[in-house]
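Topology and contacts: notes
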2 protein chains.
Amino acid sequence: MKKIIIIGGGFAGLNTAKGLGGNKDAEVILIDKTNHHLFQPLLYQVAMAGLNPADIAVPVRSLLAKHDNIKVVLGNVLSINSDDKKVVTDFGELSYDYLIIACGAKHTYFGNEQWEQHAPGLKTLEQATEIRRRVLSAFENAEKTSDRSLQKKFLTFAVVGGGPTGVELAGAIGEMSRYTLAKDFKNIDAKLTRVILIEGGSRILPSFSKKLSAWATRSLEQLGVQVWTNSIVTNIDENGLNVGNERIETTAVLWAAGVKANSIDADFTIEKDRMNRIAVTSDLSLIGHPDIFAAGDCACFPDDEGKPLPGIAPVAMQQGNYLADLISAELRGKPRKPFKYKDKGQMATIGRSKAITEFGIMRLTGFTAWVAWLLVHIYYLAGFKNRFLVVAQWAWSYLTFRRGSRLILEKKWRFYNGDS
Amino acid sequence: MKKIIIIGGGFAGLNTAKGLGGNKDAEVILIDKTNHHLFQPLLYQVAMAGLNPADIAVPVRSLLAKHDNIKVVLGNVLSINSDDKKVVTDFGELSYDYLIIACGAKHTYFGNEQWEQHAPGLKTLEQATEIRRRVLSAFENAEKTSDRSLQKKFLTFAVVGGGPTGVELAGAIGEMSRYTLAKDFKNIDAKLTRVILIEGGSRILPSFSKKLSAWATRSLEQLGVQVWTNSIVTNIDENGLNVGNERIETTAVLWAAGVKANSIDADFTIEKDRMNRIAVTSDLSLIGHPDIFAAGDCACFPDDEGKPLPGIAPVAMQQGNYLADLISAELRGKPRKPFKYKDKGQMATIGRSKAITEFGIMRLTGFTAWVAWLLVHIYYLAGFKNRFLVVAQWAWSYLTFRRGSRLILEKKWRFYNGDS
């Protein structure tokens, strides 16, 4: 009986565990710092009040409940002790025969970490709820004031970063202000909302072809989103941000610009790239440590051209499945095969019923692409119930132009609630 | 054109506003400190992971959007200036011709307010999410430890207060541990969970008949809930609570014992009862102030026997409707009629598919009562979409014994997320 410890319950960790479920030679412990597996590709929908937190998150524990050889523990890993083959956690030490590091990534502000309080990123449910609070509160504040310049400030939204997340956020704000909120406010014209998408490079969605990227820009502009390319953010504070020499006054800056892998301590030097990702060999093991693997957003695996695979769900899922197969095979005395990534293409949505998708040479835009996007996301969404309820929510939003989860929740739970 | 200001978007305030919607002689401003109307009777379902926050909360703004004569503002009322007929808010002063105070109630700890951090009450969505976090975390912590006495402590839950909310919470924890969680944990036997319901009086649910109260006690006991009556809590700290001379070690104490009305400042003395509720005359106006009314949980209106009406949704709804009618009639020059409460009976649920209901002499227990409870709550739940999704969630939970919203969300949104 070999002990396998998995750090992280994201796509990579969860798929490794699932693949080892029921394996009589493997005893698996999955450690995660939250109790839920999060379907990150739809996190922007929670931030934009389209879905509930629970629609895209399922307890890791119940996803793996049917496998008797898997234990799920809520906890933090403090360090790896490779000499003794142990991981040190905040609930004691655990020994392993195989260790899988799949601890994911988080946002980075390129050395300006003080910007985070003014420009939240989007990696966790808590952050999504906070973004929702900020965006909806800005509309409420605009409604309340009669000062025109203050109103303009409240109705200005800046999204930093022109990747898929930035495009999805900007498109959703544009759409929400034009359709969902327009009739709910009496004092402001929500349609006058200004959404600015700021990208440092020469075009948005650089991983897509130039044609699709241009199509996405036009679609965003139709939703009232201004796309600023070649624009570098030089400062963010509580009243707005500086882009080159320009100043944008706003209370809602959203950050979708940079990602770096989460760190983990060890009794040996872990080789990393500039995004803090762990360098892995052809079988995803760490250099010099054939029993320790890294997978998903925290791993740096070069594709055939030597470019690291992107931090997206399909990569993490395939790596998780691969590691489960590798360990199962090795337990039966079989040799390791190298990891090969099968590119399933990429997709991004722009507001309601528009998207772009690219599968090899096949490129789709508009409604067809959006339907493809919808089907793929529903298919992969973990757990039957969530899939059903998410479809119900989407159908409702689509037919009524409303958003179901427009809650402003307080950032902190106050122990002593004030009166009134 | 008369100006009507409503403080609070609960059942009383919302129904007053709705009743005045479209009235050409009335200009209505509703002020609330949250952006949502909350269906409080189902709040315990959010705390017990059965429903999402957004399932029982709808933006007040969208509920009233169709009425051009109503404005909704997110804000806090600081005081009432009756001499100038103005309310002072954190966004300026507003003048009124009629003022409706419907600012609701919150929990009270009878002078032991320091208990609140160890024993949260259940009045807001934030509190419900916090209770959910504490209850689910206790099971996670029990799973993680191998120390038996610590495990016992984590698997002990105390609910203080034997009214409908306390009974609903205790029943739901008992049921969740027996059915939903039992198969998800490998290290603990969730069925060994100890739930203690602590009531100061001689029986739980004192507003119901003795027979129904006894039936509820037996049903709770079948779910593993110990019912302690005539038991007074003397201390609560982070490691548990003292009940008389007994000590209960637990990390999850829930408070459902006392309620007091929210306060509001004014330039005159507001007469109040011992629960801080505002004394009102037969037309719900304040003594000596015929243009200022109080309604819902913050008002003290005596029934025919001189006993104040309870703080429940039907009272607040009827009072809201009454005030809209009164103001509409007065604007047409008609005299005021006194408020009459139509008692629609009362109900309480005990876990899945059991309830008690009392309508006059008609008393129901068990499944029939639960179906009645379900129908009434679905009927009154505001907004078509929520009703539909809530039914979907319930059907799913009912058929599968699972709970859809088992998320542990961090209490504070951390600006600087730690690694790992």
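Residues numbered from 1 in each chain as written. Chains lettered and ligands numbered in written order. Predicted model: local features only at pLDDT ≥ 70, side-chain atom pairs only at ≥ 80, totals over all residues. Heavy atoms only, no water.

Notes on the overall build of chain A
Looking only at helices and strands, chain A has 10 helices and 26 strands in total. Taking 420 residues into account, the globule formula puts the C-alpha radius of gyration at 22 Å, and chain A, at 22 Å, falls close to it. Projected onto its principal axes, the C-alpha coordinates of chain A cover approximately 70 × 60 × 45 Å. Per-residue burial over chain A gives 59% buried out of 420 residues. Surface accessibility of chain A: about 17000 Å² in total, with carbon and sulfur atoms responsible for 52%. Counting 52 positive and 43 negative side-chain charges, chain A places the centres of these two groups 6 Å from one another. (Helix = DSSP H or I, 4+ residues; strand = E, 2+ residues; numbered from the N terminus. Rg over C-alpha atoms; globule rule 2.2 N^0.38 Å. Buried < 20%, exposed > 50% of the residue type's maximum accessible area, 1.4 Å probe, protein only. Areas by Shrake-Rupley, 256 points an atom, 1.4 Å probe, with all protein chains shown as cover. Lys, Arg positive; Asp, Glu negative; His and termini not counted. Charge placed at Lys NZ, Arg CZ, Asp CG, Glu CD.)

As for the pairing of strand S13 (residues 225-228) of chain A
All names here are of chain A. Here strand S12 (residues 194-198) pairs with S13 via 4 bridges, running parallel. Residue isoleucine 198 lies in a different strand from S13, and its bridge partner there is tryptophan 228. Taken together, S12, helix H7 (residues 210-222) and S13 constitute a β-α-β crossover, and its handedness is right-handed. (Pairing = 2+ DSSP bridges. Right-handed = clockwise from strand over helix to strand, strands pointing away.)

Remarks on the sheet that holds strand S7 (residues 86-89) of chain A
Residues and elements named next belong to chain A. The strand order across the open sheet built from 4 strands is S8-S7-S6-S19, with neighbouring strands paired in mixed fashion. Looking at which strands have only one partner, the edges of the open sheet turn out to be strand S8 (92-95) and strand S19 (265-266). As paired elements, S7 and S8 share 4 bridges and run antiparallel to each other. Within S8, the position partnered with valine 87 by the bridge is leucine 94.

Side note on unusual backbone geometry
Residues and elements named next belong to chain B. Despite not being glycine, asparagine 276 has its phi angle at roughly 70°, a positive value. Assignment of secondary structure puts asparagine 276 in the loop between strand S19 (265-266) and strand S20 (278-279). Given a relative accessible area of 15%, asparagine 276 falls into the buried group. Positive phi values are uncommon outside glycine, yet leucine 284 reaches one of about 70°. Among the structural elements, leucine 284 can be located in the loop between S20 and strand S21 (285-286). In this structure leucine 284 comes out as buried when scored by relative accessible area, which is 0%.

Things to note about the domain arrangement of chain A
Per the domain assignment, the segments of chain A are domain 1 (2-33 + 75-106 + 259-331) and domain 2 (113-257). With centres defined by C-alpha atoms, the gap from domain 1 of chain A to domain 2 of chain A works out at 35 Å. (Domains from an automatic or database assignment.)

A few points about the environment of asparagine 35 of chain B
Looking at where asparagine 35 of chain B falls in the secondary structure, it is placed in the loop between strand S2 (26-32) and strand S3 (36-38). For asparagine 35 of chain B, a relative accessible area of 8% translates into the label buried. Along the sequence, asparagine 35 of chain B and valine 72 of chain B sit 37 residues apart, while their C-alpha atoms lie 9.0 Å from each other. Discounting residues that sit within four places of it in the chain, asparagine 35 of chain B has contacts with Leu136, Glu140, Arg406, Leu407 and Ile408 of chain A together with Val58, Pro59, Val60 and Leu74 of chain B. A distance of 3.0 Å separates the side chain of asparagine 35 of chain B from the side chain of histidine 36 of chain B, its partner in a polar contact. (Contact = heavy atoms within 4.5 Å. Polar contact = N/O pair within 3.5 Å; in protein donor to acceptor, adjacent residues only side chain to side chain.)

Here we look at the sheet that holds strand S13 (residues 225-228) of chain B
Residues and elements named next belong to chain B. Across the sheet, 4 strands lie side by side as S13-S12-S11-S17; this open sheet has parallel pairing. With one partner strand each, in any of the chains shown, S13 and strand S17 (252-255) form the two edges of the open sheet. The sheet shows a mean angle of 20° between the axes of neighbouring strands, taken without regard to direction. Across the face of the sheet, helix H6 (residues 164-180) comes into contact with strand S11 (156-160), strand S12 (194-198), S13 and S17 while running at roughly 170° to S12. (Axes fitted to C-alpha atoms, helices over the stretch in contact; angles between N-to-C directions.)

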